[in-house]
Amino acid sequence: MASLSRTQSSSSITKVPIDDDLVEEQKEESLRFRDVFKRGRRPAEDLDSTATKRSVYDDPNLAPHYWPKKEYENLHRFDPTVRWTVREEKALVRKIDWKVMLWAAISFSALNLDRGNLSQANTDNFLPDLGLTTDDYNWGNSIFRLAFLCAELPSQLVSKRLGPDRWIPTQMVLWSIVTLGQFWLNGRTSFFLCRALLGYFYTKNELPFRLALFWMSSNLCSIIASFIAFGVLHMRGVQGKAGWRWLFLVEGLITLCVGIATFFKMPASPTQSKTWFRPKGWFTDREETIAVTRILRDDPTKGDMHNREGLTLKRIWVAICDYDLWPLYFVGLMFGIPTNPPTTYLTLSLRNIGFNTFQTNLLAIPYQVASMITMFGITMISELVNDRSIVSMAEDIWVLPFLVAIYCLPSNPNQWLYFGLTTGLLAFPYTHPIQVAWCSRNSGAVASRTVNASLYNMFVQASSIIGFQIYRADDAPEYRRGNRILIAITCFNVAIMYPLTKAYYVWRNKQRDRIWNAMSVEEKKNYFDTTTDVGNRRLDFRFAH
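Predicted, not measured: the structure shown is a model, and the values here were computed from it.

Visitor: Explanation requested: the packing of aromatic side chains in the structure shown.
Guide: By convention here, two paired aromatic rings are described through the distance between centres and the angle between planes. Within this structure, the stated rule accounts for 24 aromatic pairs. One aromatic cluster in this structure is built from Trp-438, Tyr-504, Tyr-505, Trp-507, Phe-541 and Phe-543. Directly above the ring of Trp-282 sits Arg-278, whose terminal nitrogen or CZ lies 4.1 Å from the centroid. Over the ring of Tyr-323 we find Arg-537; its NZ or CZ atom is 5.1 Å from the centre of that ring.

Structural data, given as structure tokens:
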């Protein structure tokens, strides 16, 4: 074991290693892609070698400036002197995947089950039954997204105060109740009201892949939902009710059950899995120490807040004024518009060209399967080449030829040709998981990260509101005007938006490099001792791009 020095921090005195056999971060990252795709083509990994990554906590001069605050709920398990093996880390991450990630994915999927059932209801004459037009359908979706947008930031603030382990299941239960209420829809007003009401543990290198799995679980849920719809919509006529009413009722009950279970399945933090109904918890004391220490070694800013700490108005305003995140907000506004109308109108379009209710629900499955594959692939490519901006434009590059082909179709296309082109378009590699992780990484501080994530998602919801209004009734059924707009936006995203976003962050990093590299060792130390900069405001912070 290396020699140790005593370092004073504001919250405690700890031993900080001066020298040790630690893993350099770059070396660790270079293995990640091969771990998935080239397992048999690399030397066997020594499972008993050290897996602890080098960090600021191994520098006696830097460690005090990054020490977690005393209110941090996991501080009692943080120990920068602890070392662990590859075998231990793999076992721990695997346990987190099964215990935390799996149920989070189930909860997210259950919410999306209710968000997406309107599209399935459309296959069962939902609009004619309520006397609605496709423009009413657009407005219903827009109202839903607008309410979602307005509730996004308040919801995140409540979550930060109560903790996501309490707030997420509460949202799910409330959401399911409103979904159940759609069983009794009777016209335009009740439809708009319900849509409005409905609106209401990893390292940075592990996060994008887990987020991809997160959204892939939503696709899997959509596939299951198509089969549920196929069965439930056969209930048209039971108790004199339309099949789509039973669909809202059944899927709302499923979300309600998952929401109640989530109260008991979601821990507040790695060190808080022990409860009255789970007295032994999920992790041993050593596993908790490894879990906390590896996260803080990867990102020391995660110790800046505890998980029940609310955000002040000053912190919120500072996060909103963080102009370095504005390019990503604009990306969130624009990137999803080209795929929104084709996705929203898929079931309506398939019905209009001759497929029946049950065929349409089953034909919505192939693109979901293909999308899971392309989403996984694009996320792994992003990590392999360590790029986000150029890789993210793959979504728009994918959809462009399909949009052009659909635009060129005759007025009465062959139904299977249309299905093939639309399925190909909707199989696009969904880059949202990459961009969510990108926004999180470029935020820096935990306090601002919550607000920045909300703001990013608000722009994504605004993107949907715009997208819902592109296909209009006076442009039906070919929607040629709408498709011209989508083609133009796609070209803008590929040729201008993503390249300029990358150029901006490259420029900002070069600015920081010039200032930081010109400082002497003493000036850097004085900066650490006196600065009030946090997160991406710090001179030693570099933006991902």
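Visitor: Before we go on, may I ask you to explain the side chain of Arg-538 in this structure?
Guide: Locating Arg-538 in the fold gives a position in the segment after α24 (521-530). With a relative accessible area of 12%, Arg-538 lands in the buried category. What Arg-538 contacts, discounting residues up to four positions off in sequence, is Tyr-66, Arg-512, Tyr-527, Phe-528, Thr-531 and Asp-533.

Visitor: Help me understand the pattern of salt bridges in this model?
Guide: In a structure, side chains of opposite charge can pair up when their charged atoms sit close to one another. Tallied over the full model, the rule gives 18 salt bridges. Here Asp-48 makes a salt bridge to Arg-87, at a shortest N to O gap of 3.1 Å. Linking Asp-48 in the loop between α2 (32-37) and α3 (86-115) with Arg-87 in helix α3, this pair joins segments that are 39 residues apart in sequence. With a shortest N-O distance of 2.8 Å, Asp-324 and Arg-508 are connected by a salt bridge. With Asp-324 in the loop between α12 (313-320) and α13 (326-334) and Arg-508 in helix α23 (residues 480-517), this pair connects stretches of sequence that are 184 residues apart. Both residues of the pair, Asp-324 and Arg-508, belong to the buried class.

Visitor: I would appreciate a short explanation of helix α19 (residues 394-407) in the present structure.
Guide: Within an α-helix, residues lying three or four positions from one another point in the same direction, as the helix has 3.6 residues per turn. Spanning 14 residues, α19 covers 20 Å between terminal C-alpha atoms, matching the ideal 20 Å at 1.5 Å per step. The largest bend in α19 is about 25 degrees, located at Leu-400, with the proline Pro-401 one to four residues further on. Of the positions making up α19, those classed as buried are Glu-395, Asp-396, Val-399, Leu-403 and Ile-406. Here the buried face of α19 lies against α14 (340-344), α18 (389-392), α20 (415-426) and α23.

Visitor: Any chance you could explain the environment of Cys-221 here in plain terms?
Guide: Mapped onto the secondary structure, Cys-221 falls in helix α9 (residues 207-232). Owing to a relative accessible area of 12%, Cys-221 belongs among the buried residues under this scheme. Through-space distance from the C-alpha of Cys-221 to that of Gln-368 is 9.4 Å; in sequence the pair is 147 residues apart. Once residues lying within four places of it in the same chain are set aside, the contact partners of Cys-221 are Ser-109 and Leu-113.

Visitor: Could you clarify how one ought to interpret the packing of α13 against α23 in this entry?
Guide: Helix-helix packing is characterised by the crossing angle of the two axes and by the distance between the axes. Interaxial distance between α13 and α23 falls to 10 Å at its minimum, and their mutual angle equals 165 degrees. By the angle between their axes, α13 is roughly antiparallel relative to α23. Both α13 and α23 take part in a crossing whose hand is left-handed. Judged by residue contacts, Pro-327, Leu-328, Phe-330, Val-331 and Met-334 of α13 engage Ile-489, Phe-492, Asn-493, Met-497, Tyr-498, Thr-501, Tyr-504 and Tyr-505 from α23.

Visitor: It is not clear to me how unusual backbone geometry should be interpreted in this structure. Could you clarify?
Guide: Note: most residues except glycine have negative phi, and most peptide bonds are trans. The residue after Ala-476, namely Pro-477, is reached through a cis peptide bond having omega -5 degrees. With respect to the helices, strands and loops of the structure, Pro-477 is situated in the loop between α22 (446-468) and α23. Notably, Asn-386 is not glycine yet its phi reads approximately 55 degrees, a positive angle. Following the sequence through the fold, Asn-386 ends up in the loop between α17 (365-385) and α18. You can call Asn-386 partly exposed: its relative accessible area is 47%.

Definitions and cut-offs
- Residues numbered from 1 in each chain as written.
- Predicted model: local features only at pLDDT ≥ 70, side-chain atom pairs only at ≥ 80, totals over all residues.
- Heavy atoms only, no water.
- Phe/Tyr/Trp six-rings, centres within 6.5 Å; stacked < 30°, edge-to-face > 60°.
- Lys NZ or Arg CZ within 6 Å of the ring centre and 35° of its normal.
- Helix = DSSP H or I, 4+ residues; strand = E, 2+ residues; numbered from the N terminus.
- Buried < 20%, exposed > 50% of the residue type's maximum accessible area, 1.4 Å probe, protein only.
- Contact = heavy atoms within 4.5 Å.
- Salt bridge = Lys/Arg side-chain N within 4 Å of Asp/Glu carboxyl O.
- Expected span 1.5 Å × (residues − 1).
- Bend = angle between axes of the 7 residues up to and from the residue.
- Axes fitted to C-alpha atoms, helices over the stretch in contact; angles between N-to-C directions.
- Parallel < 35°, antiparallel > 145°, perpendicular 65-115°, else oblique.
- Left-handed = near helix turned anticlockwise from the far one by under 90°.

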